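Here is how the chains run, residue by residue.
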Amino acid sequence: MKHYLLLCLYMFTSKAIATVCWTCDAANGNEDCLSNRRNETCADNEVCQNEVRVHRCKTLVTKRCKQREACHSNQAQNVNEGSIQCNNNDANSICRSCCDSDLCNTDLLILSGNSCAGRCTASFDSNQTCQCNFACTRFGDCCDDHEKLCMSVVNGVRDSEIRSFSLDLYDLDDNRINSNEFMINLQNQTDDKSRVDSSQERFFTFLNERVMNKPIYRAFINLLDNYEKTQGINETISNEEMRENERFLNYFIDSRLGVRLYEFLAKAGLAGCEGKTLFKEFIRIMWFEMFTRRNNALDTSGFEHVFVGELRSSGVSVTGFHNWIQFYLQEKIGSLNYFGYVRTKEPNLYDLHFEWHNALKGLAGIVIGPSPLYELAVYTLCHVTRPDSVCAVLLRDADGVPVKREIQTYTWKNKIPRFNLRYVGTAFFILQ
């Protein structure tokens, strides 16, 4: 009788202390796993394990009960000295993490409450003892290793790598116009709220228009009249306009700038896994696919916003419009009236204030001289590696000395389902 009671007690206590885990097998991502999840009561010596496999950019998630020592042995084989962080965005990888409380394996990886390992892209989490998002420096609640793990490496790319590579892009731009091929007339400084025309003359006084006859410039200029200026009105894309988009994209992908950008992003696991063909599709979607800014209409794209400009539906203000070629052409035909400059920096960076179709543009950050290939490449670099943030890049001043400048990127608020991409909301140089 005594032995029977002890056995019952053992069975009761064993069941009471057993961990309950979510389980799924090779699901297509964490959301898919959780939508089809089951819970399982583990054995005495088991804990919850998450396993994340990435193969050719496809993420497979498995959650299960796992023998304690085996799970921690697996976790110790992760990169970064056995932390729970996966590899640095390689196209093929595996990492595992362990936890030992009921249903603790909900997240993709189990995160250490006192560390930013694996949390550098996480949003604010009130359940954590410290934070790892961009705002934690402002609120003073960053984890101790936030600066080491998060401030230098985001999306698998270091700030120093972006700066160095952006200088490579600048140097590869053999279609950039020379300083003797254009002249500008800055005239008077103004502020971005002024409705007074402080500069009576045009901004551009001379441009060697033979530059515009280069194939890449012609391909770019052909895109500028393909859009409805006013937001809130559905865009209609003709077959000819689609061919023009394709022609420009082919120039970009086959250019030295496009090739180098692909190589750089592919090395970081950010260019897809099917070569330049899929990368070209990424660029087309991010920059040229239509999405909505006003009235639920398919009324805009990243390319239109950044390189062409848009009128708000009220018709009183301009949004976007950050390209020097569009500025020159619109000023030449009288659709743009230059009011003055707000600030300027080398090399040929200007914050300009103007009216376009009688609507006011408060501040347009514009760099004069680079080819459309360079601008598309450097903005894409920052959009992919530093979305919704400030991205430090290098250019060369008039003496050829590298100078650090900054690009601000914003993404559209929704993701593109089929590739987990984000549309380019805007991208422009900031001069403050």
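These numbers come from a predicted model, not from an experiment. In every chain, residue numbers begin from 1 and rise along the written sequence. Where local features are concerned, this predicted model is filtered to residues with pLDDT of at least 70; where side-chain atom pairs are given and counted, the filter is 80 or more; whole-chain, interface and lining totals use all residues. Only hydrogens and water are set aside; all other atoms, that is, all heavy atoms of the structure, feed into the side-chain values.

(A) Structural detail: the environment of Arg 163. Here a helix means four or more residues in a row that DSSP labels H or I, a strand means two or more in a row labelled E, and each is numbered from the N terminus. Along the chain, the position of Arg 163 falls in helix α7 (residues 159-172). Linking Arg 163 and Val 403, residues 240 residues apart in sequence, is a C-alpha distance of 9.9 Å. Residues are treated as being in contact if the distance between any of their heavy atoms lies within 4.5 Å. Setting aside anything within four residues of it in sequence, one finds Arg 163 in contact with Ala 392, Leu 394 and Lys 404.

(B) Spatial organisation of the nonpolar core. Residues Trp 287, Phe 303, Trp 324, Phe 327 and Phe 429 are the most contacted members of the largest nonpolar core, which totals 87 residues. In terms of residue count, the dominant contributor to this core is helix α14 (residues 372-385) (nine residues). As used in this record, nonpolar core signifies buried Ala, Val, Leu, Ile, Met, Phe, Trp, Tyr and Cys residues forming a set joined through side-chain atoms within 4.5 Å. Exposure classes here rest on a 1.4 Å probe applied to the protein chains alone. A residue is buried below 20% of its type maximum, exposed above 50%, and partly exposed in between. In this structure, Cys 21, Cys 42, Cys 48 and Cys 104 belong to the second largest nonpolar core, which totals six residues.

(C) Structural view of the sheet that holds strand β16 (residues 402-416). The strand order β15-β16-β17 describes an open sheet built from three strands, whose pairing is antiparallel. Each edge of the open sheet carries a strand with a single partner, namely β15 (390-396) and β17 (421-430). The sheet shows a mean angle of 35° between the axes of neighbouring strands, taken without regard to direction. Working convention: axes come from line fits to C-alpha atoms, limited for helices to the stretch in contact. Angles between N-to-C directions cover 0 to 180 degrees. Its contacts with the sheet place helix α11 (residues 275-288) against β16 and β17, and it is angled at close to 70° to β17. Packed on one face of the sheet, α14 meets β15, β16 and β17 and runs near 115° to β17. DSSP calls a pair of strands paired once it identifies at least 2 bridges connecting them.

(D) Examining the packing of helix α10 (residues 256-267) against α11 more closely. Look at α10 against α11: their axes get within 11 Å of each other, and the N-to-C directions meet at 100°. It follows that α10 is roughly perpendicular to α11 by the angle criterion. Contacts between α10 and α11 involve Gly 258, Val 259, Leu 261, Tyr 262 and Leu 265 from the first element and Gly 275, Lys 276 and Phe 279 from the second. Under the convention adopted here, Pro, Cys and the residues Ala, Val, Leu, Ile, Met, Phe, Trp and Tyr are nonpolar, Asp, Glu, Lys and Arg are charged, and Gly plus all remaining residues are polar. Here the contact of α10 with α11 is built from residues that sort into five nonpolar, two polar and one charged. Should an angle lie under 35 degrees it is considered roughly parallel, over 145 roughly antiparallel, and from 65 to 115 roughly perpendicular; all remaining angles are considered oblique.

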